[in-house]
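As a plain string of letters, each chain reads:
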Amino acid sequence: MNQILIIDDDPAMQMLLKRALCHQGYEVAVASNGEEGLVQVEKLRPALVICDWIMPGMNGLDVCRQLKVTPGLSTTIFILVTSRNSIEDRVEGLDAGADDFLCKPIEIAELNARVRAGLRLHQLSHDLQHQKQLLEGELAEAAEYVSSILPDRMIKASVTIDTRFIPSRKLGGDGFDYYWLDSEHLAIYLLDAAGHGLRAALPTLSVLNLLRSRALKSINYYEPSDVLRGLNQTFQITERNDKYFTVWYGVYNQVKRQLVYASAGHPPAILIAQTHGSLMEVQRLKTPGLPVGMFPDADYIDQCCEITESSTLYIFSDGIYEINQSNGNVWGLEPFIRLLAECKQNHNGACHLDLILKSLEAVNPKHYFDDDLSLLEINFV
């Protein structure tokens, strides 16, 4: 049964309201002042509160403001009882969080109607909140599943790979993988599907499964540009599917110490090599190419670079640097590249990913990231 709390310092008004509402079959509690009312609110968690505006000590507006910021009471309906009826007074009440008003002298028929309307709104808000919690739970399960199929840390004699994946609250389309094509060639890639939610995550899962099983026909998996062309032909935008994705794909030959790579609208991978002493050489590894799925005739090209000893390659999604600042600006790629170089230089080439993430958290004004965050660190021995 929906419980109603009456907060009023007038015993006669308490009795009038309680009797009328009990006659309608509601469960009713009363409080004689604002402080007592808030204690009752915390204890009872009522569906609806009817509160007098003018009371000694804490008035109705103060009670309303306090109630509306109390966790777990966002769906509680608050009705202010007042003899004030000016527009300015109603605006003040609404700004404080009031959901409705009852004007004195109170008409019982109007009281019952406003209570019925308030309880309908409370039930609707409660149902929406429940559905929101279910949806957030499903997205959390989806994010957990995506995390579960991503590869474990790789430690080999010639190369080590460490990763971090932090899904956003809405779940995005980040995904990555790395595996040996043969004893000499290591394939590494990261993709980011546009949008959020399951519609973004599902294409990413499809790409992971296709590439992992090498199910794309007539594709040379040693040639990154050919892989991107195959993905572009397979995942074209249609009237029923408007999702596209960016991707960076590379193949490392550990014998020749060469990295062949191609990209499709993706941020550049960052290769950092120590040259002389503490000097660092920073290369941006990116090729021209539209995101996969936009145009069927899009073309992609390969580029190759030499990998020196003690080099580190970073591959990431744009969520790691597109961080909205409190002043309305976006943090950006350039500061992130500087962070990577400084981190590697200041820690003798051994920059643990947790140190990078800690720096990113300091830059982010929120306690969560707006987009998925993916980061691969490949250390070449």
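Higher on the page you've got the structure.
The structure reproduced in this document is the subject of the present report. Every value quoted in this text rests on a predicted model; they were computed, and no experiment measured them. (Residues numbered from 1 in each chain as written. Predicted model: local features only at pLDDT ≥ 70, side-chain atom pairs only at ≥ 80, totals over all residues. Heavy atoms only, no water.)

### Overview of the pairing of strand E11 (residues 258–264)
Logical step 1: Of all seven residues in E11, five are buried; the element is thus mostly enclosed.
Logical step 2: Here strand E10 (residues 245–253) runs beside E11; their pairing, made up of seven bridges, is antiparallel. What sits directly across from Gly-250, in E11, is Tyr-261.
Logical step 3: What sits between the antiparallel neighbours E10 and E11 is a turn of four residues, in which Arg-257 has the positive phi angle 55 degrees.
Logical step 4: Sheet topology places E11 next to strand E14 (residues 303–306); four bridges connect them, and they run antiparallel. (Buried < 20%, exposed > 50% of the residue type's maximum accessible area, 1.4 Å probe, protein only. Helix = DSSP H or I, 4+ residues; strand = E, 2+ residues; numbered from the N terminus. Pairing = 2+ DSSP bridges.)

### Let's talk about the packing of helix H2 (residues 34–44) against helix H3 (residues 60–68)
Logical step 1: Close contact between H2 and H3 brings their axes to 10 Å; oriented N to C, the two are set at 25 degrees. The angle between H2 and H3 falls in the class roughly parallel. Seen from above, H2 lies across H3 with right-handed handedness. Counted together, Gly-34, Leu-38 and Val-41 of H2 and Val-63, Gln-66 and Leu-67 of H3 form the full contact between these two elements.
Logical step 2: Here the residues of the contact of H2 with H3 sort into four nonpolar, two polar and no charged. (Axes fitted to C-alpha atoms, helices over the stretch in contact; angles between N-to-C directions. Parallel < 35°, antiparallel > 145°, perpendicular 65-115°, else oblique. Left-handed = near helix turned anticlockwise from the far one by under 90°. Contact = heavy atoms within 4.5 Å. Nonpolar A, V, L, I, M, F, W, Y, C, P; charged D, E, K, R; others polar.)

### Digging into helix H7 (residues 224–234)
Logical step 1: Among the 11 residues in H7, eight count as buried, and that is most of the element.
Logical step 2: Among all positions in H7, only Pro-224, Ser-225, Asp-226, Val-227, Leu-228, Gly-230, Leu-231 and Asn-232 are buried.
Logical step 3: Tucked inside the fold, the buried residues of H7 contact helix H6 (198–213), E10 and E11.

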